[in-house]
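# Summary of structural features
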Amino acid sequence: MAASAVPRIALVGNPNCGKTALFNLLTGSRQKVANYAGVTVERKEGRMHAPSGRHFTVLDLPGAYSLNAASLDEAVTRDLIRGFYPGEPAPDVLVCVVDATNLRLHLRFALELRELGRPMLVALNMVDAAKRRGIAIDVPALQRELGVPVVETVAVQHDGAQSLVRELDAMQGVLHEPRAHLPQHADLHAETRRLLALTVSMPRRTAAIDDALDRWLLHPLFGLVALGVVMFLIFQAVYAWATPMMDGIEAATTWLGGVVGNAMPDGPLKGLVVDGIIAGLGGVIVFLPQILILFAFILALEESGYLPRAAFLLDRMMSAAGLSGRSFIPMLSSFACAVPGIMSTRSIQDPRDRIATILVAPLMTCSARLPVYALLIGAFIPQQQVGWFNLPGLVLFALYAAGILSALAVSWLMKKWRRDKGEHPLLLELPSYRVPHFRDLLIGLWERAMIFLKRVGGIILALTILLWFLLNFPAGVGIEDSFAGRIGRALELLFSPLGFDWRISIALIPTMAAREVMVSSLATVYAVAATSDDAASRALGPLIAQDWSLATGLSLLVWFIYAPQCISTLATIRRETHSWKQTAFAAGYLFALAWIASFATYRIALAMGAG
Ligand SMILES: Nc1nc2c(ncn2[C@@H]2O[C@H](COP(=O)(O)OP(=O)(O)OP(=O)(O)O)[C@@H](O)[C@H]2O)c(=O)[nH]1
Ligand SMILES: [Mg+2]
């Protein structure tokens, strides 16, 4: 390597040992960190500035259990550190990150890496947790026995990587000479045992709290009850806590619409600003509090270490349905968005299981659907108590549950179809429980809020303006004869059996780019259609409650359980499966399912007198 080139450091190690946390600390990045295995599935690159003024390139890699990769994400790590990754030389230094509370597992991989004979150092991470549990590690002895530098790190403390940075900075000269080959240890397990005996002293009882919690949370009966209660409380909180904030945002947009409306001269520009932008975007932003409450719970659960346990509990149910417990985490990520969910299936080893998971991931209710659910529930479901629970919270829970049950049903059917019906035992690491840091939660929520607001200011704004033009032109004709009106009436042929009129039909098209646009589109359609000024300033919920039948409202809610044709999801399915056939299958079955379920809902509701 040329002396002037920026040295490249790769962070390697078993899953969940804190590589990404360390990467974020070294480079100031904000990659996703969570307390379960298989979070990182791609190679990520960042810049590190050492105090000496030197620069380094740092690579964060997916966790791997060994260099014999079993899954796609592990293969990335294996190829990259060996220099087989297309277009990329092998890294100059390997930083092998090991979890100090779990050396029994993690040292084996360190030994395997050492046999590559490349410049390497070991970052003994999570020493804070190890100390708390009374695990004592003789670092000088470990360093001597391993023959590579060993430094202690705490990746979740702002100064927790100083020793690592210092060591890397000092490695300057060594980088250029390949290390002498170390003795090959045929039996890595025996060598691991020897090192442990020499350097680590364990307290007699290490994880008493974890064990006590697991006795309850992994219990086949109490465990499931606890899981149900947790899920249930989350949806109750989404409703119980968000209302004051939502009322505030709604009042603010109404006020803004009024002020701007009075200040601007009548004409198309005022229409665009007031009916298009303010009514449309305000309609979506109202739901930010609910999204953030949901994410506060998801982030806390991710960091707590509970999620893999939930996967363990549900494994039997999931494998009966043709999925494995491994599918749990990808499905769970899909509650934020199916795109990262589908990508995280790379850690599923069996290709069939992986495809099955990819195909049903879009059935998980992504956060973009929450505004649509919230709008429709607010309009059609009365704020009532049912026993201890409030009814809108129950309905929201039911909608999420319907998505999950549909996913299980679809994967069960797919399993019936395929010839090979073998099942795999679940091998899943259970991480230690951890109390989430308040600060990290806030940062996570802030990021979520920014993602949402960027969508509002970007794609949702663009589509809302486009729709406003289509609704207002050609000029002079009524809204029904506008471009949008004509498209909507053509689509009505397809959608009227579901109870959707031309206005709903037209609003469905832009939801292919972003589901939240359903809300802003409806707000724009109704604002433009309103004849008198007072109707335009009214909130969308009461307007549609008045205009639609209950059957239509329920039918549209059910449509969004399946919410077919999200373009970014389909593009991700295509990229991850390399197959147009699978992509077309996903699009087709989701559309068919949505249509049939909405049709059934509409007809049943009508028959029950909800017209
Ligand atoms: N107490 C403590 N927790 C840590 C430390 N480093 C990381 N963690 C936590 O360990 C968990 C895993 O961290 P990640 O950085 O996502 O681990 P990773 O090695 O990137 O995991 P994969 O991407 O799945 O391979 C998270 O819950 C972190 O908050 C540490 O030094 N001390
Ligand atoms: Mg990671």
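The residue count restarts for each chain, going from 1 along the sequence in the order it is written. Naming scheme: in the order in which they are written, chains are lettered from A and ligands are numbered from 1. At least 70 in pLDDT is required for a residue's local features to be given in this predicted model, at least 80 for side-chain atom pairs to be given and counted, and no such filter applies to totals for whole chains, interfaces and linings, which use all residues.

### Thoughts on unusual backbone geometry
- For the peptide bond that leads from Phe473 to Pro474, omega is 0°, which places it in the cis range.
- Each helix is a run of H or I in the DSSP string that is no shorter than four residues. Each strand is a run of E no shorter than two, and both are numbered from the N terminus. The topology assignment puts Pro474 in the loop between helix H18 (438–472) and helix H19 (483–495).
- With a phi close to 65°, Met126 is a non-glycine residue in the positive phi region.
- Its place among the elements puts Met126 in the loop between strand E5 (120–125) and helix H4 (127–132).

### Notes on the pairing of strand E3 (residues 55–60)
- Pairing analysis gives four bridges linking strand E1 (residues 8–13) to E3, with the strands arranged parallel. Residue Ile9 lies in a different strand from E3, and its bridge partner there is Val58.
- Two strands pair if DSSP finds at least two bridges between them. Note that strand E2 (residues 44–49) and E3 share six bridges and pair antiparallel. Its bridge partner lying in E3, Glu45 is registered against Leu59.
- From the end of E2 to the start of E3, which pair antiparallel, there are five residues, and Gly53 there has a positive phi angle of about 95°.

### Brief notes about the site of ligand 1
- Here, nearness means that the C-beta atom of a residue, built from backbone geometry, sits within 6 Å of the molecule or strand in question. Near ligand 1 lie 25 residues; those nearest to it are Gly18, Thr20, Asn35, Thr40 and Gly63.
- Contributions of two or more residues to the shell around ligand 1 are made by helix H1 (19–27) and H4.
- In terms of residue count, H1 provides more of the shell around ligand 1 than any other element does, three residues in total.

### A look at the UniProt feature "transmembrane region" (unreviewed entry) in the protein chain
- When the UniProt feature table is mapped onto this chain numbering, "transmembrane region" (unreviewed entry) sits at residues 221–242, 277–301, 355–381, 393–414, 452–471, 548–573 and 585–605.
- Its end C-alpha atoms 36 Å apart, residues 277–301 is made of 92% helix and 0% strand.
- In residues 393–414, helix accounts for 100% and strand for 0%; the two terminal C-alpha atoms are 32 Å from one another. UniProt positions are given in the numbering used here, feature names are shortened, and annotations may be inferred rather than shown by experiment.

### Section: the packing of helix H25 (residues 567–577) against helix H26 (residues 580–607)
- All axes are obtained by fitting lines to C-alpha atoms, using only the stretch in contact for helices, and the reported angles, taken between N-to-C directions, cover 0 to 180 degrees. One can describe the packing of H25 onto H26 by two numbers: an axis separation of 8 Å at closest approach and a directional angle of 150°. As summarised for this structure, H25 and H26 are arranged roughly antiparallel, according to the angle between their axes. Here the hand of the crossing between H25 and H26 comes out right-handed. In this structure, H25 uses Leu570, Ile573, Arg574 and Thr577 to contact H26, whose residues at the interface are Trp580, Gln582, Thr583, Ala586 and Ala587.
- When grouped by side-chain class, the residues that make up the contact of H25 with H26 number five nonpolar, three polar and one charged. Any angle between 65 and 115 degrees counts as roughly perpendicular, while under 35 counts as roughly parallel, over 145 as roughly antiparallel, and the rest as oblique. Handedness of each helix crossing follows the sense of rotation of the near helix against the far helix: counterclockwise by less than a right angle gives left-handed, clockwise gives right-handed. In this description, any two residues whose backbone-derived C-beta atoms lie within 7 Å of each other are considered to be in contact. Only Asp, Glu, Lys and Arg are considered charged, only Ala, Val, Leu, Ile, Met, Phe, Trp, Tyr, Cys and Pro nonpolar, and every remaining residue, Gly among them, polar.

### Here's the deal with the domain arrangement of the protein chain
- Structurally, the protein chain comprises domain 1 (8–201) and domain 2 (224–419 + 441–607).
- Summarising the inter-unit geometry, the C-alpha centres of domain 1 and domain 2 are found 41 Å apart.
- For the side of domain 1 that touches domain 2, a count of residues per class yields five nonpolar, three polar and two charged. Domain delimitation in this document rests on an assignment produced automatically or drawn from a domain database.

### Remarks on the environment of Leu198
- Tracing the backbone shows Leu198 in helix H7 (residues 188–199).
- Along the chain, Leu198 and Ala141 lie 57 residues apart, while their C-alpha atoms are 7.7 Å from each other.
- Setting aside anything within four residues of it in sequence, one finds Leu198 in contact with Ala141 and Glu145.

### Here's the deal with the environment of Val456
- Looking at where Val456 falls in the secondary structure, it is placed in helix H18.
- Comment: burial labels come from other C-beta atoms within 10 Å of the residue's own C-beta, placed from the backbone, where a count of 20 or more is buried, 12 or fewer is exposed, and between is partly exposed. Residue class for Val456 comes out buried when judged on the 22 C-beta atoms lying within 10 Å of it.

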